[in-house]
Amino acid sequence: MTRQIFAKVDQCTVNFPVSDEPFEIVKKIIKDLHFEDILGDDSKVKALNHYDEAIGFYNGQIKIMWSSKSLSQGIMLYFTATGLRAWQDIGRLQNMRMDWPKFIAYLAGKSAHFTRLDVAVDVLDYPFEVEDLFKDLQEQKMLVLDAIKRTRKSDSQKFFGENQKITGFTVGSRSSNCFLRVYNKKIEQSRDNAPYIDLARTCKTWTRFEGEFKHDKAKAIIPDLMKNKLDNKVFSQKLLGYLVNQWSFVNQSKELISIWQDLKDKANGAEKIPPLEPKLNNRLISLLKWFLTGGAGGVFYRISKLFGEVGRNDFLEFMFEYVSKPNTIKHFSVPSNMEKDLELIKAQNPNIKTVKAYLAQTVKEIEQEKENDLDMKKEANHAHQAND
């Protein structure tokens, strides 16, 4: 065989926003993506993380999950590597396959975003094996750099193997936005009943570089892909660009090693995942968030616990009186920057709503931040990996 490089999505998780009855949206997703037509009837499966409802296809290798208690969590579409391959391959046989450019456009149209996307780059019949990379790392003949060209410390690299043979290593932390696995795919696929056993037996070497992108990195992918006209070739180049620009394998002179230069050439100028577009914080929401999550809200909670309902009402009456005559004795002193602050709030909210609307928005953002923190903790402990 000649040297070959392939880039694909190995597995992914997508979040759809919800503004109405979740199950109606779930049914629409199933219909749009032809899950029943391609994979047969759905089944009740166990939900992951903080979701409490889920249905699945292909023995649970594809799950659609939602919360019956919180619309803000959205609907989660979860593909293992096995499930994603089955949906695409069986769909192709039935002339229902949705290729990646079409799938990305569909997700963008639904305002959905990835919460995880694994980019798999397979390198076949190149004159090296994972053991060679391991040896060069150990002897510091090769270094791994991050996206801003800092050398990754050796303690961020973990090696694994079997039968006294190094079969792979990882770079980074699983709980981070970016996590890299490098492993011997030929050994993995040489096992009995492996889906690509024929290819594994034919090739001399088969190394996989697999980048796991999560959180903000994953969320930025669809907006980036939608910037230009997307076809299958460009999509493959974009995947390569995401991986080879997030990490660099270099020699002692900080020059790219041969395989990494080949991967960059194959990417054809495609760049790394850009940062999410910064959002201008709403000053009023920020103030209310501070009030509710610790500031004055914490004081009010203590007053309620210490003095009960009567004390709470006395405290509120005092506050109303205290701010009613600003800049007078025994009343609130207005800070010098208050006028500018009020001007900013009015500029950010030209059609200012009732305070109840802003309080509702603030609580929604607080709950979303709690869920994001919980997701990150659970993702760090969730070691599910489908090696396909």
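Computed from a predicted model, the values in this text were never measured in an experiment.

Asker: Just to check I follow, could you spell out the nonpolar core for this structure?
Answerer: Generally speaking, nonpolar side chains in soluble globular proteins are found buried as a group. Grouped together as the largest cluster of nonpolar side chains are 73 residues, with contacts concentrated most on Phe 35, Trp 87, Phe 114, Phe 209 and Phe 249. Not counting residues within four places of it along the chain, the set of residues in contact with Phe 114 comprises Cys 12, Thr 13, Val 14, Trp 100, Ile 104, Leu 107, His 215, Ala 218, Lys 219, Ile 221 and Ile 222.

Asker: Looking at this structure, I do not really get the environment of Leu 145. What am I missing?
Answerer: Positionally, Leu 145 belongs in strand β7 (residues 142–145). Taking relative accessible area as the criterion, Leu 145 reaches 4% and is therefore assigned buried. Put simply, Leu 145 and Ala 105 are 40 residues apart on the chain and 33 Å apart in space, counted from C-alpha to C-alpha. Every residue in contact with Leu 145, bar those within four places of it in the chain, is listed here: Arg 150, Thr 151, Arg 152, Gln 246, Trp 247, Ser 248, Val 250 and Lys 254.

Asker: Before we go on, may I ask you to explain the environment of Ile 285 in this structure?
Answerer: Here Ile 285 shows up in helix α12 (residues 283–293). Among the residues examined, Ile 285 registers a relative accessible area of 5% and is labelled buried. Here the alpha-carbon distance between Ile 285 and Gln 361, two residues 76 residues apart in the chain, equals 7.6 Å. Ignoring any residue separated from it by four or fewer positions in sequence, one finds Ile 285 in contact with Tyr 358, Gln 361, Thr 362 and Glu 365.

Asker: Explain the layout of surface pockets here, please?
Answerer: One water molecule sets the probe size; rolling that probe over the atoms shows where empty space is left. Roughly 780 Å³ of internal volume is contained in the second largest pocket. What lines the second largest pocket is a set of 20 residues, and nearest its centre among them are Phe 291, Ala 296, Met 319, Val 323 and Phe 332. Taken together, the elements giving at least two residues each to the lining of the second largest pocket come down to α12, α13 (295–322) and α14 (338–348). When residues of the lining of the second largest pocket are assigned to their parent elements, the largest contribution, seven residues, is made by α13.

Asker: I keep staring at empty space enclosed by the protein and nothing clicks. Help me out?
Answerer: The final tally for this structure, using the stated rule, is one cavity of 30 Å³ or more. Space inside the largest cavity adds up to approximately 30 Å³. Together, Phe 128, Glu 129, Val 130, Asn 184, Lys 186, Lys 204, Thr 205, Trp 206 and Thr 207 line the largest cavity. Split into classes, the residues belonging to the lining of the largest cavity amount to three nonpolar, three polar and three charged.

Asker: Explain the pattern of salt bridges here, please?
Answerer: Proximity of charged atoms lets side chains of opposite charge pair with each other. Enumeration over the complete set of coordinates arrives at 24 salt bridges. The partner of Asp 118 in a salt bridge is Arg 181, with the nearest N and O atoms 3.4 Å apart. Note that Asp 118 is positioned in strand β6 (residues 113–124) and Arg 181 in strand β10 (residues 178–184), a separation of 63 residues in sequence. The same class applies to Asp 118 and to Arg 181, which are both buried. Among the charged side chains, a network of salt bridges with common partners joins Asp 10, Arg 116, Asp 118, Asp 122, Arg 174, Arg 181, Arg 208, Glu 210, Glu 212 and Lys 214.

Asker: Would you mind showing me how to read the side chain of Thr 80 here?
Answerer: Tracing the chain through its elements places Thr 80 in the loop between β5 (75–79) and α3 (81–93). For Thr 80, a relative accessible area of 2% corresponds to the buried category. Separated by 2.5 Å, the side chains of Thr 80 and Gln 61 make a polar contact.

Asker: Please clarify how the sheet that holds β5 should be interpreted in this entry.
Answerer: Through backbone hydrogen bonds, the strands of a sheet pair up, either in parallel or in antiparallel fashion. Taking strand neighbours across the sheet as the criterion, the ten strands line up as β2-β3-β4-β5-β1-β6-β11-β10-β9-β8 in an open arrangement whose pairing is antiparallel. Here the strands that pair on one side only, and so sit at the sheet edges, are β2 (43–44) and β8 (157–162). Bridging between strand β4 (residues 62–66) and β5 involves four bridges; their strand directions are antiparallel. Bridge pairing in β5 links Lys 63 to Tyr 78. Running over the sheet, helix α4 (residues 100–109) touches β1 (4–16), β5 and β6 and is turned about 20° from β1. Each of β1, β6, β10 and β11 (206–214) is contacted by helix α10 (residues 232–246), which is oriented at about 90° to β1, the strand it contacts most.

Asker: How do you make sense of the packing of α12 against α13 when you look at a structure like this?
Answerer: How two helices sit against one another is set out by the angle between their axes and by the gap between those axes. Closest axis-to-axis distance for the α12/α13 pair is 3 Å, and the angle between their directions is 30°. Between α12 and α13, the interaxial angle falls into the category roughly parallel. Judged by the sense of rotation from one axis to the other, the crossing of α12 with α13 is right-handed. Here Trp 290, Phe 291 and Thr 293 of α12 lie close against α13, whose contacting residues are Gly 295, Ala 296, Gly 297 and Gly 298. Looking at the contact of α12 with α13 residue by residue, the classes come out as three nonpolar, four polar and no charged.

Asker: Would you take a moment to explain the packing of α10 against helix α11 (residues 258–267) for this structure?
Answerer: Two numbers describe how α10 lies on α11: the axes approach to 8 Å, and their chain directions differ by 140°. As for how α10 packs across α11, the hand of that crossing is left-handed. Note on element contacts: α11 touches α10 through Trp 260, Leu 263, Lys 264, Lys 266 and Ala 267, opposite Gln 237, Leu 240, Gly 241, Leu 243, Val 244 and Asn 245. Taken together, the residues of the contact of α10 with α11 sort by class into six nonpolar, three polar and two charged.

Each value, and the rule that gives it
Residues numbered from 1 in each chain as written. Predicted model: local features only at pLDDT ≥ 70, side-chain atom pairs only at ≥ 80, totals over all residues. Heavy atoms only, no water. Core = buried A, V, L, I, M, F, W, Y, C linked by side-chain atoms within 4.5 Å. Buried < 20%, exposed > 50% of the residue type's maximum accessible area, 1.4 Å probe, protein only. Contact = heavy atoms within 4.5 Å. Helix = DSSP H or I, 4+ residues; strand = E, 2+ residues; numbered from the N terminus. 1 Å grid on protein atoms, 1.4 Å probe; cavity = no way out; pocket = protein on both sides within 12 Å on 5 of 7 lines; lining within 4 Å. Points joined across faces, edges and corners; volume = space filled by probe spheres on them. Nonpolar A, V, L, I, M, F, W, Y, C, P; charged D, E, K, R; others polar. Salt bridge = Lys/Arg side-chain N within 4 Å of Asp/Glu carboxyl O. Polar contact = N/O pair within 3.5 Å; in protein donor to acceptor, adjacent residues only side chain to side chain. Pairing = 2+ DSSP bridges. Axes fitted to C-alpha atoms, helices over the stretch in contact; angles between N-to-C directions. Parallel < 35°, antiparallel > 145°, perpendicular 65-115°, else oblique. Left-handed = near helix turned anticlockwise from the far one by under 90°.

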